[in-house]
Amino acid sequence: MFFHVQRLINEIVPDEPDPAAANALQEGLGGQFGEMRTMMQYLFQSFNFRGPTGKPFRDLLYGVGTEEIGHVELIATTIARLVDGSPRYQGNPTHLDEPGEGGATPLSVALGGGNIHHWLVGAQGALPVDAQGDPWTGKYVYDSGNLPLNLLYNLMLESTGRLQKCRLYEMTANKTARSTIAYLIVRDQAHENAYAKALEALGVEWNKLLPIPKTSAERFPEVKTLLDQGLQSKQYTFNIDQLNEAAKVFNGPSPSKDGTELSTEQAPEGAPMEIAVERPEEFGPGLDSELMELVQATADMEMFTPAGQYGPTGS
């Protein structure tokens, strides 16, 4: 089972809305090498894992796969903030209070670039699609049932994903987008290290077959800050009820040959998570006064049956 901590795995730096950056980030979410792909691929490899002697490798896959759930949450939230662009919520004093009043068009930004479905379908939120608007598909997921093959494929997947995110970083100067992209670049490198180290433990000389692409990402200031913290050499565990054995694999000198040592630790504390405000122009107002009264009435009800037993919500 999984538990949800209502905190983001990394802080999102505030900046102005940027629909074009949001659409580009959709590739990092729902594209062939995006976070939805890595999440599903590693978790299914974990679910289908065979052989108790391989538990350190299974724990490693579970740790990375579970972290990827947090990455999906992070990048989806980032996209939502980048398309949160109605003028009435951006401090525009000349904007009319009521959507449509006097010919006002609160969602005119939807026609100015990016993916119109962010407004038309997603109500200013992320979508499970790539940058072309094509839906994510489970056909992306690879699980051969063979551990070395899976690890080799995963290493290639992380390398390609990091390469794409470096390109995404070069496409935008938006601080909101770059804060998330930089974090994912560094964590992709950590996952490359995890799969490279796992292959080495199995005697696979991966570096003769698959050189990890050199991106010089440390020249990006946000990336360098994270690299200086050693974030590329840490692997998180999300186990809370039993010994995690991933450290039997993820240890020793980093395969990145950057002079760091690999280490495992509990999941990061994370950053505060905020709930977006209502969006009347999207007809997504949240709870109006009538609904609030119903909620309060429900909360005040005594949940007992006539026989004195607990009702459906009791225990």
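Scroll up a little and you will see the structure.
Remember, it's a predicted structure, so these values are computed and weren't measured experimentally.

A. How the structure looks around the packing of aromatic side chains. Taken as a whole and assessed by the stated rule, the structure comprises six aromatic pairs. Their ring planes at 75 degrees and their centres at 6.2 Å tell us that Trp-136 and Tyr-140 sit as a pair that is edge-to-face. When sorted by exposure, Trp-136 lands in the same class as Tyr-140, which is buried. Among the aromatic residues, those joined into a ring-pair cluster are Phe-44, Phe-47 and Tyr-62.

B. Expanded view of the packing of helix α2 (residues 35–47) against helix α5 (residues 147–171). The geometry of α2 relative to α5 is characterised by a closest axis approach of 11 Å and an angle of 165 degrees between their N-to-C directions. By the criterion of interaxial angle, the relationship of α2 to α5 is roughly antiparallel. Where α2 crosses over α5, the handedness of that crossing is left-handed. Between α2 and α5, the residues in contact are Glu-35, Arg-37, Thr-38, Gln-41, Tyr-42 and Gln-45 and Asn-150, Tyr-153, Asn-154, Leu-157, Glu-158 and Lys-165, respectively. Considered class by class, the residues forming the contact of α2 with α5 number three nonpolar, five polar and four charged.

C. Representation of empty space enclosed by the protein. This structure, assessed with the given rule, holds one cavity of 30 Å³ or more. Counted as a void, the largest cavity has a volume near 30 Å³. Looking at the largest cavity, the residues that line it are Gln-235, Tyr-236, Thr-237, Asn-244, Ala-246 and Thr-264. No other element matches strand β2 (residues 234–237), which puts three residues into the lining of the largest cavity. When its residues are assigned to classes, the lining of the largest cavity shows two nonpolar, four polar and no charged.

D. Representation of the pattern of salt bridges in the model. Within this structure, the stated rule accounts for ten salt bridges. Its salt-bridge partner being Glu-35, residue Lys-165 comes within 2.9 Å of it at the nearest N-O pair. Within this pair, whereas Lys-165 is found in helix α5, its partner Glu-35 is found in helix α2, the two being separated by 130 residues in sequence. Each of the two residues, Lys-165 as well as Glu-35, counts as buried. In this structure, Asp-228 and Lys-224 form a salt bridge, with 2.9 Å as the shortest nitrogen-oxygen distance. Taken together, the residues span about one helical turn, with Asp-228 and Lys-224 both in helix α8 (residues 221–228) at a distance of four residues. Taking relative accessible area as the criterion, Asp-228 reaches 56% and is therefore assigned exposed. Taken together, the salt bridges that share partners define one network made up of Glu-35, Lys-165 and Asp-188.

E. Spatial organisation of the packing of helix α6 (residues 175–201) against α8. Taken N-terminus to C-terminus, the directions of α6 and α8 make an angle of 45 degrees; their axes are 9 Å apart at the nearest point. Looking at the two axes, α6 sits oblique to α8. Handedness of the α6/α8 crossing: right-handed. Of the residues in α8, those touching α6 at Arg-178, Ala-182, Tyr-183, Ile-185, Val-186 and Gln-189 are Glu-222, Val-223, Leu-226 and Leu-227.

F. Spatial organisation of α8. For α8, the full list of buried residues reads Val-223, Leu-226 and Leu-227. One side of α8 holds all its buried residues, which, seen down the axis, span an arc of 100 degrees. Of the exposed residues in α8, those oriented more than 90 degrees away from the buried face are Pro-221 and Asp-228. At its buried positions, α8 is contacted by α6. Looking one or two residues beyond α8, the residue adopting positive phi is Gly-230, at roughly 75 degrees.

G. Structural view of a nonpolar patch on the surface. On the surface, a cluster of nonpolar side chains totalling about 450 Å² of accessible area is made up of Leu-287, Leu-291, Met-292, Leu-294 and Val-295. Mapped onto the fold, Leu-287 is located in the loop between β5 (271–272) and α9 (289–300).

H. Summary view of the layout of surface pockets. Its volume calculated, the largest pocket comes out at about 900 Å³. Surrounding the largest pocket, 27 residues form its lining, Phe-2, Phe-3, Thr-66, Phe-238 and Asn-239 being those nearest its centre. Contributing elements (two or more residues each) for the lining of the largest pocket: β1 (7–8) and α3 (55–82). With eight residues, α3 is the single largest residue contributor to the lining of the largest pocket. Of the residues that constitute the lining of the largest pocket, the class distribution is twelve nonpolar, eight polar and seven charged.

The rules we used
- Residues numbered from 1 in each chain as written.
- Predicted model: local features only at pLDDT ≥ 70, side-chain atom pairs only at ≥ 80, totals over all residues.
- Heavy atoms only, no water.
- Phe/Tyr/Trp six-rings, centres within 6.5 Å; stacked < 30°, edge-to-face > 60°.
- Buried < 20%, exposed > 50% of the residue type's maximum accessible area, 1.4 Å probe, protein only.
- Axes fitted to C-alpha atoms, helices over the stretch in contact; angles between N-to-C directions.
- Helix = DSSP H or I, 4+ residues; strand = E, 2+ residues; numbered from the N terminus.
- Parallel < 35°, antiparallel > 145°, perpendicular 65-115°, else oblique.
- Left-handed = near helix turned anticlockwise from the far one by under 90°.
- Contact = heavy atoms within 4.5 Å.
- Nonpolar A, V, L, I, M, F, W, Y, C, P; charged D, E, K, R; others polar.
- 1 Å grid on protein atoms, 1.4 Å probe; cavity = no way out; pocket = protein on both sides within 12 Å on 5 of 7 lines; lining within 4 Å.
- Points joined across faces, edges and corners; volume = space filled by probe spheres on them.
- Salt bridge = Lys/Arg side-chain N within 4 Å of Asp/Glu carboxyl O.
- Arc of directions from axis to C-beta.
- Patch = residues over 30% accessible without salt bridge, like charges linked within 9 Å, V, L, I, M, F, W, Y side chains within 5 Å.
- Areas by Shrake-Rupley, 256 points an atom, 1.4 Å probe, with all protein chains shown as cover.

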